[in-house]
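Remarks on the overall topology
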Amino acid sequence: ENKYNQVPDIFAGLCYDAMKIMSIALEGSNNGNEIQTALYNLKNYPGIVGEISFDKNGDAILSPIIKQVKNGKFVLYK
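What comes next concerns the included structure. (Residues numbered from 1 in each chain as written. Predicted model: local features only at pLDDT ≥ 70, side-chain atom pairs only at ≥ 80, totals over all residues. Heavy atoms only, no water.)

1. Comments concerning the sheet that holds strand β1 (residues 45-46)
Basically, it comes down to this: At least two bridges found by DSSP between two strands is the condition for calling them paired. Counting from the N terminus, the helices are DSSP H or I runs at least four residues long and the strands are E runs at least two residues long.
On the basis of which strands lie adjacent, the open sheet formed by three strands has the order β1-β2-β3 and antiparallel pairing. A single partner strand is all that each edge strand has here, and the edge strands are β1 and β3 (60-64). Bridge count between strand β2 (residues 50-54) and β3: five bridges; the pairing is antiparallel. Note on β3: the bridge partner recorded for S53 is I61.

2. Observations concerning unusual backbone geometry
Which entries qualify depends on this criterion: A 1.4 Å probe rolled over the protein chains alone gives each residue an accessible area, and that area as a share of the maximum for its type sets the label: buried under 20%, exposed over 50%, partly exposed in between.
Although it is not a glycine, N5 sits at a positive phi angle of roughly 60°. With a relative accessible area of 73%, N5 lands in the exposed category. Despite not being glycine, N71 has its phi angle at roughly 55°, a positive value. Counting through the fold element by element, N71 comes out in the loop between β4 (67-70) and β5 (73-76).

3. Focus on the side chain of S53
Counted only if it meets this: For the purposes of these results, a polar contact is taken to be a pair of N or O atoms within 3.5 Å, where, inside protein, one atom must be able to donate a hydrogen and its partner to accept one; residues adjacent in sequence count only when each atom of the pair is a side-chain atom. Contacts are assigned to residue pairs with any non-hydrogen atoms lying within 4.5 Å of each other.
Here S53 is to be found in strand β2. Separated by 2.7 Å, the side chain of S53 and the backbone nitrogen of N44 make a polar contact. The contact partners of S53, leaving out residues within four places of it in the chain, are L42, K43, N44, D59, A60 and I61.

4. A closer look at the nonpolar core
Here is the rule: Take the buried residues of types Ala, Val, Leu, Ile, Met, Phe, Trp, Tyr and Cys, join any two whose side-chain atoms come within 4.5 Å, and each joined set is a nonpolar core.
The biggest cluster of nonpolar side chains holds nine residues, and these are I21, A25, I35, L39, L42, Y45, V49, I52 and F54. Taken together, the elements giving at least two residues each to this core come down to α1 (10-28), α2 (32-41) and β2. Leaving out residues up to four positions away in the same chain, A25 has contacts with I35, A38 and L39.

This is the structure we're talking about:
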């Protein structure tokens, strides 16, 4: 925000999370099947946009994180 004088949008957060998730999947191998398995096995990655997992088809499951202020601190909204 400070560097570009604008607030990052949701796409910035999604792209950041996508790159972090790919780096995790690539840590173990550069084999396509092993990368796919690593992604499918990823559960509850604590991303910027919320917790991210993948279903059996490889589709992302997002659980948005919503926080509220309680006693001057951010806490998860439930």
